[in-house]
Each structure stands twice: as structure tokens, then as C-alpha cells.
Amino acid sequence: MDRWDQEHGAASAEGPVARIMYASQASIRHSVYQEMEKIRASALKHNEPAGIATALLHQSGWFVQWKEGPAAAVQKIMERVAGDVRHFDLRIVHRSRGPRLLTGPWSMAIVQCQETTADMELRVQQLKQQVDDGLQFSPPAVWRRLSTPMRHPGAMRQQDPDAFQRVLVCGASGMGSFDMVRWLAEENEVEVVHRRFAGAIELDVGTDYVDFEQEGRVWRVIAMARHGLHLPLTRAFIPDYSHVVLLLSVDAERNEQLMQRVLRAYEFLNHPPALIGVASRADMHALPAALARRYGLPYLTAVADSRDPEASWAEVQPLLMHWQQAANSSVISGNSRMLVGQ
Ligand SMILES: Cc1cc2nc3c(=O)[nH]c(=O)nc-3n(C[C@H](O)[C@H](O)[C@H](O)COP(=O)(O)O)c2cc1C
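Residues numbered from 1 in each chain as written. Predicted model: local features only at pLDDT ≥ 70, side-chain atom pairs only at ≥ 80, totals over all residues. Heavy atoms only, no water.

**Here's the deal with the domain arrangement of the protein chain**
Stated formally: A domain assignment, automatic or from a database, supplies the domain bounds used here. Whether two residues touch is decided by their heavy atoms; if any such pair falls within 4.5 Å, the residues are in contact. Joining two parts hides part of their accessible area as seen by a 1.4 Å probe, and the buried area is that hidden amount summed over both. Take a side-chain nitrogen of Lys or Arg and a carboxyl oxygen of Asp or Glu: if they are within 4 Å of each other, that pair is a salt bridge. Helix numbers and strand numbers start at the N terminus; a helix is a DSSP run of H or I with at least 4 residues, a strand a run of E with at least 2.
What the domain assignment reports for the protein chain is domain 1 (3-147) and domain 2 (153-321). Contacts between the two partners involve 22 residues from domain 1 and, on the opposite side, 20 residues from domain 2. Interface area for domain 1 against domain 2, summed over the two sides, is near 1900 Å², with a carbon-plus-sulfur share of 55%. Taken as a group, Tyr33, Thr103 and Arg144 account for 25% of the area that domain 1 buries against domain 2, more than any other trio of residues on that side. Taken together, the links from domain 1 to domain 2 amount to one salt bridge. The salt bridge involving aspartate 240 is made with arginine 144; its shortest N-O contact spans 2.9 Å. The set of elements that each furnish at least two residues to the side of domain 1 that touches domain 2 consists of helix H2 (32-46), strand E5 (106-111) and helix H5 (139-147). The element contributing the most residues to the side of domain 1 that touches domain 2 is E5, with six residues.

As C-alpha cells, then:
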């Protein structure tokens, strides 16, 4: 357990913290990644000692920032950041008190897409309007609404366009999870969305996703690199997945390493997503299944060549269909409706 975990992790004595999110227009147009690295250096210097965790997104000429920590410290950093000339038109889109969802001091994400600054502004305005009307979204839901909203026509026909099933795919070796997303995109004639994440010390991590409709259900399947599982941003979204699909390798050691990463990422989750292992022989499931059992995690088995996306999906999809819970549950909290995990 690292120092951050000891002081602020779920097992620490720390109570609820202040959580705030804002969107602002970026004044910088060039070298955005380098500028974000400079912001990262400032944030690690000032935020970490104050117990503040933050995630920063740059997309379509906008920044979105999510901060969590002691209320007074968050307020102080917000005042400092608000005066920064690298952005303007700052709009608060979320305020709440609750448990920490970011498990480390820094995460950043860059989404490269064709979208214009005006498109993004529209989303910020719509979200702000809903929040002002009394709807309150969880921080991951705010992030998703601003960064990666579901636009699939199948979802738009639903009463709640955000009620879709999310599945994470991770490979024990190679790029199988990315191959699966690419294959699903080709099969369904839709686009792959590419994103880049980074943490406080970790290198850049790529992650792709695809949205499509199959069997009367709208899906988002997300490919994540193995070392991306530790990023605080990835971990904050794990409770939203119905399942995590593990594309196993013929190398048992690699499978064990992947399971260890998953177990760390699942630490302290109340409702961890079910695991689905994909392996070409039934006996290859023995080790990951035993590890999952030891930690009380549901582990389902699919027997298929994990390097073959079509064969893997054919075995995995029926298991995903058994998902009983609603994709998004709505609970009433106080006077405002809290939409969880959108
Ligand atoms: C979008 C955005 C987010 C920022 N977030 C933080 C932050 O979380 N913490 C921080 O100390 N500085 C942040 N900064 C930078 C601060 O505005 C300021 O430049 C920095 O704290 C100055 O400290 P330094 O001179 O010691 O590096 C951010 C700047 C921008 C444009």
C-alpha cells in the first residue's frame, strides 16, 4: 500500500471529502500535452500534500477537471486555478460530499476527436442546465457525459440514453483487447474512439472503445492496456462495468500477473464487476478461477482462442447477456434524484 492509499484510501480513517468538477475553455491551442505535463508538476507539488486528488481532461478545446479532498484545501486550489490564463469561462458542473473515488493524486486524459469547441460547449450547457434543474450525477457520470457521451441511435431511443451496458476487456499479453474492439467496430460498422490516459508516474496508456447495438441491447466495449488498470481514472470507472473480460495467455505467469493487477484495481469495491476469463483450454482457467475464488469474486469461463476476436466474442456475449441488474440504477437521495453510475 503506498502513502496515498494509507492516508486517503478506503481503509484509512478519512471521512467523506468535497468533490468538485468544472469545465473551462482552454486558451492554449498548441502543445497541449506538454502544457498538461506542466500542470501535472504543479498539481503534484501543491495538491498531494493538501490531500487533493485530481483528474484533468482536455477535449475539443475544453478542460474538465475533477477534484476531491478536504473542502478548505479544494477551495484554495480552485481559487488559484481559476486565475490561470491558460483557461477561461470556468463553469462548475458538479459539487458533492462523499467518498473518494479517485485513488491517486493525479490522472489526465486527452481525447482526440473531430468534435468542435461549440459541440463540447453544448454538452457543458446541457449538463449544467440539468444540474441546475436538480438532477445530480455522480462524478464518473459527469465525466462520461462531457467526455464520452453515448450517441448510438439505439441508446437515443431509450428513455434514458445513458442506460447502456459497459464491458471492459483486458489482455494478459499482446493487443488482443484492442483487436476485439476493432473487430466489433468493423462488424457493426461503427467507429472506434481512441483516448489517452496518464497517471502521476505511469506512462501514457491508450484505451479504445466502441458503441453498438446487438441482441436488442446497447453496448460499450472498452479495451484497456494492462498497466492502465492502476490509473486512478480507470479505477474510478470500474464499478460501472457489468463485466471485465480477461483474454488469457498460454503463459500462466502472465495470467497471474493480470489477475494481480485486477485484484489491486478491485480493492475495496463494494460491487466488483464479474470476471470472464477467455482461454483456449478449460484447464487454463484453474489458476485465475482459484485466485478469484480466494477473493470472493465471480469468475465465469469462456473457452475460445483469446487471440481470435470473433471466436472470443461468440463465447463471451451469451455470458454478458445474463447480466440481471439494470445498466443504471436510479436511487432517490434526499430531495434530488441521484443517477448512479451513468
Ligand atoms: C486547467 C488547469 C488545471 C490546473 N490544475 C491545477 C491543480 O490541480 N493544482 C495546481 O497546483 N495547479 C493547477 N493548475 C496550475 C495553476 O493554475 C498554477 O499555474 C500553479 O498551481 C502554479 O504553481 P507553480 O508555479 O508552483 O507550479 C491548473 C491549471 C490549469 C489551466
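Now that the structure is up, let's keep going.
**Remarks on the pairing of strand E2 (residues 53-59)**
Worth spelling out the cut-off: When accessible area is computed with a 1.4 Å probe and restricted to protein chains, residues below 20% of their type maximum are described as buried, those above 50% as exposed, and intermediate ones as partly exposed. Any two strands with at least two DSSP bridges between them are considered paired.
Of all seven residues in E2, seven are buried; the element is thus mostly enclosed. Bridging between E2 and strand E3 (residues 62-69) involves seven bridges; their strand directions are antiparallel. Residue pairing for E3: alanine 55 is matched across the bridge by tryptophan 66. Linking E2 to E3, which pair antiparallel, is a turn of two residues; within it serine 60 sits at a positive phi near 50 degrees. When E2 meets E5, the two strands line up parallel, connected through six bridges. Pairing of histidine 58 across the sheet is with isoleucine 110, part of E5.

**Notes on a negative patch on the surface**
Spelled out, the test is: Patch criteria: residues need more than 30% relative accessible area and no salt bridge. Like-charged residues are merged within 9 Å; nonpolar side chains of Val, Leu, Ile, Met, Phe, Trp and Tyr are merged within 5 Å. Shrake-Rupley sampling with a 1.4 Å probe provides the accessible areas, and residues are treated as covered by the protein chains on show and by no other component. None of His or the chain ends enter the tally, which takes Lys and Arg as positive and Asp and Glu as negative. By convention, charge coordinates are those of NZ in Lys, CZ in Arg, CG in Asp, or CD in Glu.
Residues Glu186, Glu187, Glu189, Asp308 and Glu310 make up a contiguous surface patch of negative charge. Position of glutamate 187 relative to the elements: it lies in helix H7 (residues 176-188). Residue class for glutamate 187 comes out partly exposed when judged on its relative accessible area of 48%.

**Here's the deal with the sheet that holds E5**
Under the convention used in this document: Axes here refer to lines fitted to C-alpha atoms; in helices the fit is confined to the stretch in contact. Angles between the N-to-C directions go from 0 to 180 degrees.
The twelve strands are arranged E4-E1-E3-E2-E5-E8-E9-E10-E7-E11-E12-E13 in an open sheet whose pairing can be described as mixed. The open sheet is flanked by strand E4 (87-98) and strand E13 (299-303), the only strands paired with a single partner. The average undirected angle you get between the axes of adjacent strands in this sheet is 20 degrees. As judged from the five bridges shared by strand E8 (residues 193-199) and strand E9 (residues 205-214), these two strands associate in the antiparallel manner. What sits directly across from valine 193, in E9, is tyrosine 209. Sheet strands in contact with helix H3 (residues 71-82) are strand E1 (17-26), E3 and E4, and its direction is about 155 degrees off that of E3. Packing of H5 onto the sheet brings it into contact with E1, E2, E3, E4, E5, strand E7 (165-171) and strand E10 (217-224), and relative to E2 it is tilted by some 15 degrees.

**A closer look at the nonpolar core**
Which entries qualify depends on this criterion: Joining through side-chain atoms within 4.5 Å is the link that ties buried Ala, Val, Leu, Ile, Met, Phe, Trp, Tyr and Cys residues into a set, and such a set is a nonpolar core.
Counting residues in hydrophobic clusters, the biggest one holds 77 residues, and the most contacted among them are Trp143, Leu275 and Trp313. Two domains each donate at least three residues to this core, and these are domain 1 (3-147) and domain 2 (153-321). Filtering out sequence-adjacent residues up to four positions away, tryptophan 313 remains in contact with Met180, Trp183, Leu184, Phe212, Gln214, Trp219, Val221, Pro318 and Leu320. In terms of nonpolar packing, the next biggest core, distinct from the first, is built from twelve residues, Val32, Met36, Leu56 and Met108 among them.

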